[in-house]
Amino acid sequence: QVQLVESGGGLVQAGASLRLSCAASGRTFSSYSMGWFRQAPGKEREFVAAISWSGGNTYYADSVKGRFTISRDNAKNTVYLQMNSLKPEDTAVYYCAARRIVTTEMELYDYWGQGTEVTVSS
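Remember, it's a predicted structure, so these values are computed and weren't measured experimentally.

**Student:** Got a minute to help me understand the overall build of the protein chain in this structure?
**Tutor:** A count of helical and extended segments in the protein chain gives 0 helices and 11 strands. Element order for the protein chain, N to C, with α for helix and β for strand: β-β-β-β-β-β-β-β-β-β-β. Relative to the 2.2 N^0.38 estimate, which gives 14 Å for 122 residues, the radius of gyration of the protein chain is 13 Å and therefore close to what a compact globule would have. Here the protein chain holds 122 residues, and the buried ones make up 44% of them. By sequence separation, contacts in the protein chain at least 24 residues apart represent 58% of the contacts at least 6 residues apart. Of the roughly 6,300 Å² of accessible surface on the protein chain, a fraction of 46% belongs to carbon and sulfur atoms.

**Student:** Just to check I follow, could you spell out unusual backbone geometry for this structure?
**Tutor:** Residues other than glycine predominantly adopt negative phi, and peptide bonds predominantly adopt the trans conformation. Backbone geometry at Asn77 places phi at a positive 55 degrees, although glycine is not the residue there. Tracing the backbone shows Asn77 in the loop between β7 (68-73) and β8 (78-83).

**Student:** Can you walk me through the pattern of salt bridges in this structure?
**Tutor:** Opposite charge on two side chains permits pairing when their charged atoms draw close. Within this structure, the stated rule accounts for 4 salt bridges. Linking Glu46 and Arg38 is a salt bridge whose minimum nitrogen-to-oxygen distance equals 2.7 Å. According to the relative accessible area criterion, Glu46 is partly exposed, its value standing at 36%. Of the residues examined, Arg38 reaches a relative accessible area of 6% and is grouped as buried.

How each quantity is defined
Residues numbered from 1 in each chain as written. Predicted model: local features only at pLDDT ≥ 70, side-chain atom pairs only at ≥ 80, totals over all residues. Heavy atoms only, no water. Helix = DSSP H or I, 4+ residues; strand = E, 2+ residues; numbered from the N terminus. Rg over C-alpha atoms; globule rule 2.2 N^0.38 Å. Buried < 20%, exposed > 50% of the residue type's maximum accessible area, 1.4 Å probe, protein only. Contact = heavy atoms within 4.5 Å. Areas by Shrake-Rupley, 256 points an atom, 1.4 Å probe, with all protein chains shown as cover. Salt bridge = Lys/Arg side-chain N within 4 Å of Asp/Glu carboxyl O.

Structural data, given as structure tokens:
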């Protein structure tokens, strides 16, 4: 069992940066791959970024490539999402998720956090 708690969301202006954190419980965090997903108002949840258990492989949605960076610190049981050059269309609730094998497929993730809200004003 893995419990995930996101933090770091907020209200920012376009062009600003935010760093989201996802703290995981349990001693097996380092064996899980992690993903970030987001859900904008009135839209379906979508993939943002994913990272393998070692951090050696990362994946990004085209919409965030070059602006967002996913990373992890296994000693701190935490995964991060650094978001730069934020746009109003990045406004959403951001969720982290965990599963053993890294994937971009949302349906395959086993554990989910409660989400943190990001609002980007124009």
